[in-house]
Amino acid sequence: DILLRASMGPVHVFLGLGAFLVNLFITMVFQQKLVDATKQLYPEKQGSVYDTKFQKKWMDSCDEAERAVIGQCSMKAYRAMSTACLVLWAVFVMGGMFFDGGFLPAMAICVVWGVGQSVYSYWCLKLSKPGSTV
(Lines give C-alpha, C1' and ligand atoms only; values in the text may rest on other atoms or scores of the structure.)
Protein backbone atom coordinates (compact mmCIF):
# COMPACT_ATOMS: atom_id res chain seq x y z
CA ASP A 1 0.00 0.00 0.00
CA ILE A 2 2.84 2.42 0.83
CA LEU A 3 4.66 1.54 -2.40
CA LEU A 4 1.49 2.17 -4.40
CA ARG A 5 1.06 5.62 -2.83
CA ALA A 6 4.73 6.49 -3.41
CA SER A 7 4.56 5.42 -7.07
CA MET A 8 1.37 7.42 -7.67
CA GLY A 9 3.01 10.66 -6.53
CA PRO A 10 4.63 11.59 -9.86
CA VAL A 11 1.51 10.54 -11.76
CA HIS A 12 -0.60 12.91 -9.71
CA VAL A 13 1.93 15.69 -10.18
CA PHE A 14 1.90 15.30 -13.96
CA LEU A 15 -1.89 15.00 -14.06
CA GLY A 16 -2.20 18.14 -11.99
CA LEU A 17 0.32 19.97 -14.16
CA GLY A 18 -1.49 18.81 -17.30
CA ALA A 19 -4.85 19.97 -15.95
CA PHE A 20 -3.32 23.33 -15.03
CA LEU A 21 -1.89 23.82 -18.52
CA VAL A 22 -5.19 22.81 -20.17
CA ASN A 23 -6.98 25.31 -17.91
CA LEU A 24 -4.54 28.07 -18.93
CA PHE A 25 -4.99 27.25 -22.62
CA ILE A 26 -8.80 27.22 -22.42
CA THR A 27 -8.82 30.49 -20.49
CA MET A 28 -6.57 32.19 -23.07
CA VAL A 29 -8.71 30.96 -25.97
CA PHE A 30 -11.90 32.25 -24.32
CA GLN A 31 -10.23 35.59 -23.56
CA GLN A 32 -9.12 35.92 -27.17
CA LYS A 33 -12.65 35.12 -28.38
CA LEU A 34 -14.01 37.85 -26.10
CA VAL A 35 -11.36 40.32 -27.32
CA ASP A 36 -12.19 39.45 -30.96
CA ALA A 37 -15.90 40.00 -30.31
CA THR A 38 -15.16 43.36 -28.67
CA LYS A 39 -12.93 44.36 -31.60
CA GLN A 40 -15.80 43.60 -34.01
CA LEU A 41 -18.06 45.95 -32.05
CA TYR A 42 -15.34 48.59 -31.62
CA PRO A 43 -12.85 48.46 -34.52
CA GLU A 44 -10.55 51.05 -32.90
CA LYS A 45 -9.58 48.51 -30.22
CA GLN A 46 -6.09 47.08 -30.61
CA GLY A 47 -4.27 44.08 -29.20
CA SER A 48 -4.18 40.31 -28.99
CA VAL A 49 -4.24 38.22 -25.83
CA TYR A 50 -1.24 36.31 -27.16
CA ASP A 51 0.85 39.52 -27.35
CA THR A 52 3.06 40.26 -24.33
CA LYS A 53 2.17 43.96 -24.56
CA PHE A 54 -1.58 43.34 -24.79
CA GLN A 55 -2.59 45.40 -21.76
CA LYS A 56 -0.60 48.44 -22.92
CA LYS A 57 -2.00 48.28 -26.47
CA TRP A 58 -5.54 47.82 -25.16
CA MET A 59 -5.24 50.75 -22.75
CA ASP A 60 -3.79 52.94 -25.51
CA SER A 61 -6.86 52.20 -27.64
CA CYS A 62 -9.27 53.18 -24.82
CA ASP A 63 -10.81 56.63 -24.65
CA GLU A 64 -10.89 58.78 -21.51
CA ALA A 65 -14.29 57.50 -20.31
CA GLU A 66 -13.19 53.87 -20.63
CA ARG A 67 -10.01 54.63 -18.71
CA ALA A 68 -12.07 56.24 -15.94
CA VAL A 69 -14.21 53.10 -15.69
CA ILE A 70 -11.07 50.93 -15.62
CA GLY A 71 -9.69 53.10 -12.82
CA GLN A 72 -12.89 52.83 -10.78
CA CYS A 73 -13.01 49.05 -11.28
CA SER A 74 -9.34 48.81 -10.30
CA MET A 75 -10.02 50.68 -7.08
CA LYS A 76 -12.94 48.37 -6.24
CA ALA A 77 -10.74 45.33 -6.91
CA TYR A 78 -7.93 46.78 -4.78
CA ARG A 79 -10.31 47.36 -1.86
CA ALA A 80 -11.76 43.85 -2.20
CA MET A 81 -8.24 42.37 -2.28
CA SER A 82 -7.24 44.32 0.83
CA THR A 83 -10.35 43.17 2.71
CA ALA A 84 -9.89 39.55 1.61
CA CYS A 85 -6.24 39.61 2.68
CA LEU A 86 -7.18 41.00 6.09
CA VAL A 87 -9.84 38.33 6.65
CA LEU A 88 -7.59 35.51 5.40
CA TRP A 89 -4.72 36.76 7.54
CA ALA A 90 -6.94 36.72 10.64
CA VAL A 91 -8.24 33.23 9.82
CA PHE A 92 -4.74 31.85 9.25
CA VAL A 93 -3.34 33.48 12.39
CA MET A 94 -6.15 31.95 14.45
CA GLY A 95 -5.59 28.62 12.70
CA GLY A 96 -1.91 28.81 13.52
CA MET A 97 -2.62 29.59 17.16
CA PHE A 98 -5.43 27.13 17.88
CA PHE A 99 -5.03 24.29 15.37
CA ASP A 100 -1.25 24.02 15.12
CA GLY A 101 -1.31 25.00 11.46
CA GLY A 102 1.81 27.12 11.63
CA PHE A 103 2.22 30.71 10.55
CA LEU A 104 3.46 30.22 7.00
CA PRO A 105 -0.03 30.69 5.46
CA ALA A 106 -0.44 33.96 7.36
CA MET A 107 2.98 35.11 6.18
CA ALA A 108 2.11 34.21 2.57
CA ILE A 109 -1.02 36.37 2.83
CA CYS A 110 1.10 39.18 4.28
CA VAL A 111 3.42 39.01 1.26
CA VAL A 112 0.51 39.30 -1.20
CA TRP A 113 -1.06 42.05 0.87
CA GLY A 114 2.26 43.89 1.18
CA VAL A 115 2.90 43.75 -2.56
CA GLY A 116 -0.55 45.20 -3.25
CA GLN A 117 -0.11 47.98 -0.70
CA SER A 118 3.42 48.78 -1.88
CA VAL A 119 2.52 48.99 -5.55
CA TYR A 120 -0.53 51.13 -4.76
CA SER A 121 1.51 53.49 -2.58
CA TYR A 122 4.35 53.72 -5.11
CA TRP A 123 2.00 54.72 -7.94
CA CYS A 124 0.09 57.15 -5.72
CA LEU A 125 3.33 58.95 -4.92
CA LYS A 126 4.58 58.82 -8.50
CA LEU A 127 1.35 60.04 -10.09
CA SER A 128 0.75 62.77 -7.49
CA LYS A 129 3.77 64.70 -8.78
CA PRO A 130 2.85 67.53 -11.17
CA GLY A 131 3.11 66.61 -14.83
CA SER A 132 3.48 62.88 -14.24
CA THR A 133 1.72 60.33 -16.42
CA VAL A 134 1.54 56.57 -16.58
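Everything that follows concerns the structure shown earlier in this document.
Procedures and definitions
- Residues numbered from 1 in each chain as written.
- Predicted model: local features only at pLDDT ≥ 70, side-chain atom pairs only at ≥ 80, totals over all residues.
- Heavy atoms only, no water.
- Phe/Tyr/Trp six-rings, centres within 6.5 Å; stacked < 30°, edge-to-face > 60°.
- Helix = DSSP H or I, 4+ residues; strand = E, 2+ residues; numbered from the N terminus.
- Buried < 20%, exposed > 50% of the residue type's maximum accessible area, 1.4 Å probe, protein only.
- Expected span 1.5 Å × (residues − 1).
- Contact = heavy atoms within 4.5 Å.
- Axes fitted to C-alpha atoms, helices over the stretch in contact; angles between N-to-C directions.
- Parallel < 35°, antiparallel > 145°, perpendicular 65-115°, else oblique.
- Left-handed = near helix turned anticlockwise from the far one by under 90°.
- Nonpolar A, V, L, I, M, F, W, Y, C, P; charged D, E, K, R; others polar.

Undergrad: Help me understand the packing of aromatic side chains in this model?
TA: Working definition: an aromatic ring pair is given by the centre-to-centre distance plus the angle between the planes. All chains considered together, the criterion is met by 3 aromatic pairs. Seen from their ring centres, Phe54 and Trp58 are 5.6 Å apart, and the 40° between their planes marks the pair as tilted. One end of the pair is Phe54 and the other is Trp58, both in helix H2 (residues 54-60) and 4 residues apart, which spans about a single turn. For the residue pair Phe54 and Trp58, the accessibility class agrees, reading buried in each case.

Undergrad: Looking at this structure, I do not really get helix H3 (residues 64-98). What am I missing?
TA: Every α-helix carries 3.6 residues per turn, so stepping three or four residues along brings you back to the same face. With 35 residues, H3 should reach 51 Å at 1.5 Å per residue; the first-to-last C-alpha distance of 51 Å fits that figure. Within H3 the residues assigned to the buried category are Tyr78, Ser82, Cys85, Val93, Gly95 and Gly96. Structurally, H3 contributes buried residues whose contacts are with helix H4 (104-127). Of the residues trailing H3, Asp100 is marked for its positive phi of about 55°.

Undergrad: Please clarify how the side chain of Ser82 should be interpreted in this entry.
TA: Residue placement: Ser82 occurs in helix H3. Excluding residues that lie within four positions of it along the chain, Ser82 makes contacts with Trp113 and Gln117.

Undergrad: I tried to follow the environment of Cys85 on my own but got confused; where do I start?
TA: By secondary structure assignment, the location of Cys85 is in helix H3. On a C-alpha basis, the gap between Cys85 and Asn23 in space is 25 Å, while along the polypeptide they are 62 residues apart. Every residue in contact with Cys85, bar those within four places of it in the chain, is listed here: Ile109, Val112 and Trp113.

Undergrad: Help me understand the packing of H3 against H4 in this model?
TA: Helix packing geometry: the angle between the two helix axes and the distance between the axes. The geometry of H3 relative to H4 is characterised by a closest axis approach of 9 Å and an angle of 155° between their N-to-C directions. Here H4 runs roughly antiparallel to H3, going by the angle between their axes. The handedness of the crossing between H3 and H4 is left-handed. Between H3, through Met75, Tyr78, Met81, Ser82, Cys85, Leu86, Leu88, Trp89, Phe92 and Val93, and H4, the contact on the second element is made entirely by Pro105, Ala106, Ile109, Cys110, Val112, Trp113, Gly116, Gln117 and Tyr120. A class-by-class count of the residues in the contact of H3 with H4 yields 16 nonpolar, 3 polar and no charged.

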